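# Coordinates in review
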Amino acid sequence: MIEALRKKAEELLKNKTVDVVYGYGEGSVPERTRPVFITKPEDVNKLTWNKYCVYNLTTYLKKQESRKLGKPAIVVKGCDAKTITVLIKESQIKREDIYIIGVTCTGIGDPPATKCKACDVNTPLIYDELIGEKIGNKEFSFEERYAELDEYEKLSEQEKWDFWQKQFEKCIKCYACSSICPLCFCDRCIVDKNQPQWIDPSAHPRGNLSWNVTRAYHLAGRCINCEECQRVCPADIPLNLLNKKLAKETEKNFKYRSGYNVDDELAMATYKEDDNQDFIK
Amino acid sequence: MDNIYTPYLMNISDVTDEAPGVRTFRLNFQNEDEGKNFKFQAGQFALYSAFGYGESTFCIASSPTRKDYVECTFRQAGRVTNALSELNAGDTIGFRGPYGNVFPIEEWEGKNLVFVAGGIALPPLRSVIWNCLDLRDKYKNITIVYGAKTVADLVYKNELKEWTARDDVNLVTTVDPGGETPDWTGKVGFVPTVVEETAPDSKDTIAIVCGPPIMIKFTLPVLEKLGFKQDKVYTTLENRMKCGLGKCGRCNIGCTYICKEGPVFTAEEISKMPDEF
Amino acid sequence: MEKTLKKEKLNSLITGLKDKGYKTIAPKKDNNLITLCEIQEADEIHFDHVQTNNSIKEYFLPKTEKILSYTIEKTKVSIEEPEGFAVKSVVFGSRPCDAASLPIMDKVFNWDCTDKFWIERREAITIVTIACDKCDSYCFCTSVCLAPDAKQGSDVLLTKISDDEYLVETETEKGEGLIKELETVFSEPPSGTPDRQVATVEKKFEIDKVKPWLDENFVHKIWAEFSTKCIGCGACTFVCPTCHCFDIVDECTMSKGDRVKNWDGCQFKMFTLHTSGHNPRSTQDQRWRQRIMHKFKYYVEKFDNILCVGCGRCSRVCPADMNISEMLEIISTDEGQPEPVSKE
């Protein structure tokens, strides 16, 4: 698979189909990989593929420093590829402006990431070139998809509140969660806006609660469950639990799952007369 | 132990609207003893607080020779300056300072002075201009070139009149092309061009330049052409600051902390700094 | 002064500290994190780790702290000074690198004027360090003139000499005072040469070569090459024991407010953004360069200290696997060549 990946990257660079390949390279320790940006065909050997390829590289589509390198080809797993669908839907990128190298994936991380348990995109849903043997994507029931919420949903309201208070207390406001998120692409985040000061910048309970809840809300109906926010959180806050809960509510209320179909209407940006509006009553 | 972040409390005793969005406050110490012990020199800056909104950095715009008050001039731009502009005479503001280094006006004694300012950058020079005018016989010719986008944008309009009326000051005002009014008697043109036209003699002369980066960028070569050596050209730099005391870590250009080693620098010192303005 | 501390005496030590009015801060396991936090009982203390996730910094420069409060009444404002922020405490079991960060940062917080929030806490807190008996590949204290048993900044240094014994060495009067206060907990020092169990931390680069390279290479393509993957978050600066940059903001209701000092970091684009929209460090490579320059050039020139203790936290925590010692390795082997070694 690595060979096929390198060969494809080399071909794309040689033919000048793209200027740069965003891929995975060897990390600082064997248990890590790191994002690499290959601009020369002779450098394609720096590309790798293994179970430590956790990054969702589509986040580099929002960064001026990587965009400066020119038209990209991006190595994506099935989960990451869903981001591209959302970015196209939200007019952040044009399909023709990127080349998608999809890789089939049977799970990443050691131990495997939570998101991989009910993965229904082992083969990406959108790609220009597929690396690896095509895997028939599984189907899961609504309950199976959100199984990781089972324990959490058993908690009483007070217990849920206490749980999040305790989690958010750890937040240091480093904003790694939003910096890594490919869908947090606002040039000026609400947290940077101070007229008025919507969110207290301080890392105290009030500031942390308003930041973390706002971040999650801005991803409602958009988050594609790449779990990157949770992976990078230096305070070990289970951020994806929030995202997942909002995804579940969105699916329950609007029969919408983010990132699966480029033709779907966006859940939070579409008005329908027969929308289920129970949640604001 | 004293809290270095505690501001003096000051009364706003006078408010002057200088130009659209630009305002001057005259401030008096609420605690008289603090006022008596307070000293500063031209070139220094302070942090002004609108309580409830935060602190903002600007220079002290009045001259140290005028001892019973401090003045500041600011443009409404961000959260704090918008809040400041909501304040009126009689209200309280916080003042932390004076911080930073100073114009070496004693070294300039016996020399000609040329002040070049653009737009809202006259306030830092106003302090040193009045300082030198109040010690007028220590300096030879004093020339001031001041430009703004439009006539309305010129600040300290009354003082400009006063300087025009004085025969010991050569004031040249200019506005950008298109910024003139029918009754405008000053020049029309950009500051660097006007400096070139005014052609102050560089012999025994100190130039003090303050303005937006683009103005400084084009004025420095003009001064060089007129024969000014880099160590005879002074300017003040600004950067985002939070503490003003060399601790919060953001105002440095290379190794130089603007808040402590600046804001006053010679063109020679600036030329040695890394390109990170 | 030398003593021995037996592990079985830990309970009496922690109880003793409490009785003498000290708050105790020590490493504790919390789910996936090992956190330096307040503890009540000796058995909460976690020993078997390389490094705590948070650094000692937050006990001297908290992530958010009140620096003054005020009340606004019509046109008048009255200011109240915060009190009680410096609480008599012992940090027990921090690592030598963390302890070493404190005297380095004293310099900036004492530069011409004294930041009392830092200095009063420094006076109130006693540091009891445990020398590292293990390390990982991110550790590089030995490359920045420190060691897994470095003494800088510690009032007392504990070194494991057997499975249930630590050698106790006092490094300051404050440390000596603490040991005397709790004399009965400690036993006589071991006779003969104790078997100090100290990790071997591999030296990764020649620090002497770093600054000369930085002096010459403010403009260099490596800044951009190395930092393209940087996502511009503040994780590295916030977990760093020597990153001390902060923001000052007001938080206010209608009539009462606090002015607070919050951690801030040079990797955020907002950090240096002018109100006009101009930004002197507008790209991530400039911000990455600032971090390296500040630590290995600017601070050295100002205060004669490297602003880095080699704890490795920034590299462990980096969401994009930026590795600071790798950058310094490249720099220190480049020797000023126009084409640097690139590990991309």
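Each chain carries its own residue numbering, running from 1 in the written order of its sequence. For naming, the first written chain is A and the first written ligand is 1, with later ones following in the order written. For this predicted model, a pLDDT threshold of at least 70 governs which residues receive local features, and a threshold of 80 or more governs which side-chain atom pairs are given and counted, while totals over whole chains, interfaces and linings are taken from all residues. Heavy atoms throughout the structure, all of them, feed into the side-chain values; hydrogens and water do not.

This part is about helix α5 (residues 191-198) of chain B. Residue and element names in this part refer to chain B. Within α5, burial applies to Val 191, Pro 192, Val 194 and Val 195. Buried positions in α5, seen along its axis, are confined to an arc of 165° and lie on one side of it. Whether two residues touch is decided by their heavy atoms; if any such pair falls within 4.5 Å, the residues are in contact. Under the DSSP-based scheme used, a helix requires at least four consecutive residues in state H or I and a strand at least two consecutive residues in state E, with every element numbered from the N terminus. Each element contacted by the buried residues of α5 is listed here: β7 (112-118), β8 (142-148), β9 (170-175), β10 (187-188) and α6 (213-225). Just beyond α5, the residue with positive phi is Ala 199, at close to 40°. Only protein chains enter the calculation, and the probe is 1.4 Å; a residue is then buried if its accessible area is under 20% of its type maximum, exposed if over 50%, and partly exposed in between. The arc under discussion is defined with respect to the helix axis, by the directions toward the C-beta atoms.

Considering the arrangement of structural elements, one finds B:Arg250 in the loop between β12 (233-236) and β13 (252-253). We classify B:Arg250 as buried; its relative accessible area is 2%. At a separation of 3.3 Å, a polar atom in the side chain of B:Arg250 contacts the main-chain carbonyl oxygen of C:Phe271. Excluding anything up to four places from it in sequence, B:Arg250 contacts B:Arg240, B:Met241, B:Lys242, C:Phe246, C:Asp247, C:Asp264, C:Phe271, C:Thr272 and C:Arg281. In the analysis that follows, any N or O atom pair within 3.5 Å is treated as a polar contact, provided that within protein one partner can donate a hydrogen and the other can accept it, and provided that, for residues neighboring in sequence, both atoms belong to side chains.

Residues and elements named next belong to chain C. Segmentation into domains, and thus their bounds, comes from an automatic or database assignment. If you check the domain split of chain C, you get domain 1 (2-185) and domain 2 (207-334). Measuring from the centre of the C-alpha atoms in domain 1 to the corresponding centre in domain 2 gives 24 Å. Buried area is a sum: the accessible area each of two parts loses on coming together, probed at 1.4 Å, counted once for each and added. Approximately 3500 Å² of surface area, both sides summed, lies buried where domain 1 meets domain 2, with 59% of it carried by carbon and sulfur atoms. Summed over the three residues of domain 1 that lose the most area to domain 2, namely Tyr 70, Tyr 138 and Phe 140, the buried surface amounts to 20% of that side.

This next bit is on the packing of aromatic side chains. The aromatic pairing rule takes the rings of Phe, Tyr and Trp, using the six-membered ring of Trp, and pairs them if the centres are within 6.5 Å, calling planes under 30 degrees apart stacked, those over 60 edge-to-face and the rest tilted. All chains considered together, the criterion is met by 42 aromatic pairs over all chains. Judged by centre distance (6.1 Å) and plane angle (55°), the ring pair of A:Tyr152 and A:Phe163 falls under tilted. Of the two residues, A:Tyr152 sits in helix α5 (residues 150-153) while A:Phe163 sits in helix α6 (residues 157-169), which places them 11 residues apart along the sequence. Classification of A:Tyr152 as buried rests on a relative accessible area of 11%. Cation placement over rings: the criterion is NZ of Lys or CZ of Arg within 6 Å of the ring centroid and within 35° of the ring normal. Seen from the ring of C:Trp111, B:Lys260 lies directly overhead, with NZ or CZ sitting 4.9 Å from the centre. Geometry around C:Phe218 places C:Arg289 over its ring, the cationic atom sitting 3.6 Å from the centre.

For the rest of this paragraph, the subject is the pattern of salt bridges. A carboxyl oxygen of Asp or Glu within 4 Å of a side-chain nitrogen of Lys or Arg is what we treat as a salt bridge. Inspection of the entire model under this criterion finds 69 salt bridges over all chains. Put simply, A:Arg32 and C:Asp321 hold a salt bridge, and the shortest N to O gap is 3.5 Å. Of the two residues, A:Arg32 is situated in the loop between β1 (20-26) and β2 (33-38) and C:Asp321 in the loop between α9 (313-317) and α10 (324-334); the pairing between them involves two chains. Residue A:Arg32 shares its accessibility class with C:Asp321, and that shared class is buried. B:Arg126 is the salt-bridge partner of B:Glu71, the closest N and O atoms lying 2.8 Å from each other. One end of the pair, B:Glu71, is in strand β5 (residues 70-75); the other, B:Arg126, is in helix α3 (residues 122-134), with 55 residues separating them in the sequence. A relative accessible area of 5% places B:Glu71 in the buried class. Beyond isolated ion pairs, a larger network of salt bridges with shared partners links A:Glu153, A:Lys245, A:Lys248, A:Glu249 and A:Lys252.

A word on the interface of chain B and chain C. Contacts between chain B and chain C engage 45 residues on the former and 50 residues on the latter. The contact between chain B and chain C buries some 3900 Å² in all, and 56% of this surface belongs to carbon and sulfur atoms. Notably, a salt bridge pairs C:Arg289 with B:Glu276, separated by 3.5 Å at the nearest N-O pair. In this assembly, chain B and chain C are joined by 31 residue pairs in polar contact (both at pLDDT 80 or more). Contributions of two or more residues to the side of chain B that touches chain C are made by β1 (8-19), β3 (45-50), β4 (54-59), β6 (92-99) and α7 (258-261) of chain B.

Before going further, it helps to spend a moment on the interface of chain C and chain A. Taken residue by residue, the interface counts 42 residues in chain C and 43 residues in chain A. Between chain C and chain A, the buried area comes to about 3200 Å², and carbon and sulfur atoms account for 50% of it. A:Asp187 is paired through a salt bridge with C:Lys269; the nearest N and O atoms lie 3.4 Å apart. There are 22 residue pairs in polar contact (both at pLDDT 80 or more) connecting chain C and chain A. Secondary structure elements with two or more residues in the side of chain C that touches chain A: α7 (235-239), β10 (246-252), β11 (256-263), α8 (284-303) and α9 of chain C.

Once that is clear, we can look at the nonpolar core. One finds A:Val21, C:Trp223, C:Ile292 and C:Phe296 to be the most contacted residues of the largest nonpolar core, which totals 170 residues. If one sorts the elements of this core by residue count, helix α2 (residues 96-109) of chain C sits on top with 8 residues. Residue contacts for C:Trp223: discarding those within four places in its chain leaves C:Trp213, C:Leu214, C:Asn217, C:Phe218, C:Asp285, C:Trp288, C:Arg289, C:Ile292, C:Met293, C:Met327 and C:Ile331. Residues belong to a common nonpolar core when they are buried Ala, Val, Leu, Ile, Met, Phe, Trp, Tyr or Cys residues joined through side-chain atoms within 4.5 Å. Residues B:Phe115, B:Val169, B:Val175 and B:Tyr234 belong to the second largest nonpolar core, which totals 38 residues.

Since the α-helix advances by 3.6 residues per turn, residues separated by three or four positions end up pointing in the same direction. Residues of helix α4 (residues 173-181) of chain C that are buried include every one of C:Gly175, C:Leu178 and C:Ile179, and no others. When α4(C) is viewed along its axis, its buried side chains cluster within an angular range of 95° and face the same direction.

Residues and elements named next belong to chain A. Tracing the chain through its elements places Cys 79 in helix α3 (residues 78-89). A relative accessible area of 12% means that Cys 79 is categorised as buried. Residues Cys 79 and Asn 122 lie 43 residues apart in sequence; the distance between their C-alpha atoms is 8.0 Å. Sequence-distant contacts of Cys 79, that is, excluding residues within four places in its chain, are made with Lys 115, Val 121 and Ile 224.

Residue and element names in this part refer to chain A. According to the domain assignment, chain A contains domain 1 (2-131) and domain 2 (142-262). A C-alpha centroid distance of 24 Å is found between domain 1 and domain 2. Of the residues lining the interface, 23 residues belong to domain 1; the matching set on domain 2 comes to 24 residues. Here domain 1 packs against domain 2, burying approximately 2000 Å² in sum over the two surfaces, 58% of which is carbon and sulfur. Of all residues in domain 1, Lys 62, Lys 82 and Lys 115 give up the largest surface area on contact with domain 2, accounting jointly for 25% of the area buried on that side. Counting every contact that joins domain 1 to domain 2 gives 2 salt bridges. Note that Arg 222 is salt-bridged to Glu 90, the shortest N-O span being 2.8 Å.

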